[in-house]
Each structure stands twice: as structure tokens, then as C-alpha cells.
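Structure at a glance
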Amino acid sequence: MQPTDGQHNADLPTISIVDDDAALRLSLMDLFDSLDMRATSYESGDDFLSRADLGKAGCVLLDIHMPGMNGLDIQKQLAVAECMLPIVFMTGNATVLMSVQAMKRGASDFLLKPLHRPALVGATGRAIQLNAAKRAAVLAREITVSAVRTLTPREREVMKHVASGSLNKQIAYELSVSEMMIKIHRSRMMKKMQVGSLAELVKKLDQASKECDVYL
């Protein structure tokens, strides 16, 4: 069974509906289409995991109780794949333990069937915003790492000292060069890193600390 798209605008985030109830899938597709929100439906967890583009923007509207792979199993698989798509769980028969497990594993929300439209629309909207924030953070880290890669070895040394709070004269002493040379390297480094202050530099490096440590 092929996924059905409510719209064909690739720029819109996609709500992936995963539920074995065909009538519910169709109802949700119609709802999101009426709200100009792109949606794609899948009849099972295997169907979703085998063909969905997990790198797309959006979220997953996921039923917990399904034949074969259940919602919690799918959540585990997405975590292993480091998928950034937030999950909004939906179920007609949830236990407290199940709800707690889902939320502890990072679920964005947990909805009970029959679905209440305002709650559903609100939950999916928040999940899409969460995904957008995650994607923006990843992009910012990638930009920072790319900028660090353009630095010369000396500029990286200077950046490391600058980020730790050292003054130009202290850095000059540590690297056995003139303070004027440190000012030149510092200026070039700040320009390449596209920052205008020490605070901006530290913030960028903190956000991409794991990746940038390789180059420092």
C-alpha cells in the first residue's frame, strides 16, 4: 500500500500517520488536508519504517496498539536511527505505565481515542515546532563545524584560548608570538566563525562542542 499525500508541497512538514485503522487514517488525512497540513498515512509500523523518509521535517502520529510491531517498538527503532521526528502517541486503551514509558522515551504527546480535534491539532502543531527547533539546532552545529574547518591551525589555537577567556597578551605569551599577530589571527578567526563577540563565539562552540572538540 502506497502512502497517500494530502498535499504535494515538499517544503511543508509532513505528519506521518501510523495506524492499522483504515477509517481513522482516512479521517485524519481529510482533517489535515482541510488545515493545509501535509500528511502521509501508513498501515503498520513495518510499512512506515520501510518506506518513510525519516529525515524529512514533521512529526509522527503513532498508534500504540497495532498488529506486529507496536508503537513503543517503533519508538525504539526511531531512537536507534537517531530520528528527530517527534512522536505523538494515540491509543484507545492506555495504561499509566505505558504512558509513562512513552513520555520517558521522548514522546512529544500522548492522546486518547476518540481523538479530540483541538487537542490533536495542538499536539501535532507543537510536535512540528519541536522538530523545526531540533533541525535548526543541527543546522547551526553543522555551520559551526564547517566554519571551524576553515581555520588555520594557528587560528584554532587562538580560538581555543579566546574561548577560555584569555586576553590577547596572555595568548601571545602562551604561543610565543607578538600581541599584534594574535590580534590579526583573532580578527581572521572571528570573521571566519561569523561572530562579533566573545559571547557569540562561546555560544556557538558550546552548541557544537562534541563535533568541534575534534578540531581543537
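Read on for an overview of the structure.

Conventions we followed
Residues numbered from 1 in each chain as written. Predicted model: local features only at pLDDT ≥ 70, side-chain atom pairs only at ≥ 80, totals over all residues. Heavy atoms only, no water. Helix = DSSP H or I, 4+ residues; strand = E, 2+ residues; numbered from the N terminus. Buried < 20%, exposed > 50% of the residue type's maximum accessible area, 1.4 Å probe, protein only. Contact = heavy atoms within 4.5 Å. Pairing = 2+ DSSP bridges. Axes fitted to C-alpha atoms, helices over the stretch in contact; angles between N-to-C directions. Salt bridge = Lys/Arg side-chain N within 4 Å of Asp/Glu carboxyl O. Right-handed = clockwise from strand over helix to strand, strands pointing away.

1. Quick notes on the overall build of the chain
Regarding its fold elements, the chain presents 10 helices and 5 strands. Taking all 216 residues of the chain together, 38% fall into the buried category. Across the chain, the fraction of contacts at a sequence separation of at least 24, relative to all contacts at a separation of at least 6, is 64%.

2. A few points about the sheet that holds strand E3 (residues 58-63)
Pairing in this open sheet of 5 strands is parallel, and the strands run E2-E1-E3-E4-E5 from one edge to the other. Unpaired on one side and paired on the other, strand E2 (38-42) and strand E5 (109-112) mark the two borders of the sheet. Each adjacent strand pair in this sheet contributes to an overall mean axis angle of 20°, direction not counted. Relative to E2, strand E1 (residues 14-18) runs parallel, the two being bridged by 5 bridges.

3. Some thoughts on the pattern of salt bridges
One pass over the structure, following the stated rule, counts 6 salt bridges. Between Asp63 and Lys113 there is a salt bridge, with its nearest N and O atoms 3.3 Å apart. Separated by 50 residues along the polypeptide, Asp63 in strand E3 and Lys113 in the loop between E5 and helix H5 (117-149) bring together distant segments of the chain. Classification of Lys113 as partly exposed rests on a relative accessible area of 26%. The network of salt bridges with common partners includes Asp19, Asp63 and Lys113.

4. As for the pairing of E3
Counting buried residues in E3 gives 6 out of 6 residues, a clear majority hidden from the surface. Along E3, one buried face is formed by Gly58, Val60 and Leu62 and the opposite face, lined by Cys59, Leu61 and Asp63, is buried too. Sheet topology note: the E1/E3 ladder contains 5 bridges and is parallel. Bridge pairing links Ser16 to Val60 in E3. Taken together, the 4 bridges between E3 and strand E4 (residues 87-91) define a ladder with parallel strand orientation. What sits directly across from Val60, in E4, is Ile87. What joins E3 to E4 is helix H3 (residues 71-80), and the crossover it makes is right-handed.

5. Things to note about the pairing of E4
The element E4 is extensively covered by neighbouring structure, given that 5 of its 5 residues are classed as buried. Along E4, one buried face is formed by Ile87, Phe89 and Thr91 and the opposite face, lined by Val88 and Met90, is buried too. When E4 meets E5, the two strands line up parallel, connected through 4 bridges. What sits directly across from Phe89, in E5, is Phe110.

6. Side note on unusual backbone geometry
Look at the link from Lys113 to Pro114: it is a cis peptide, with omega at -5°. Topologically, Pro114 is positioned in the loop between E5 and H5. One non-glycine residue, Gln194, adopts positive backbone phi at about 55°. Mapped onto the secondary structure, Gln194 falls in the loop between helix H8 (179-192) and helix H9 (198-207).

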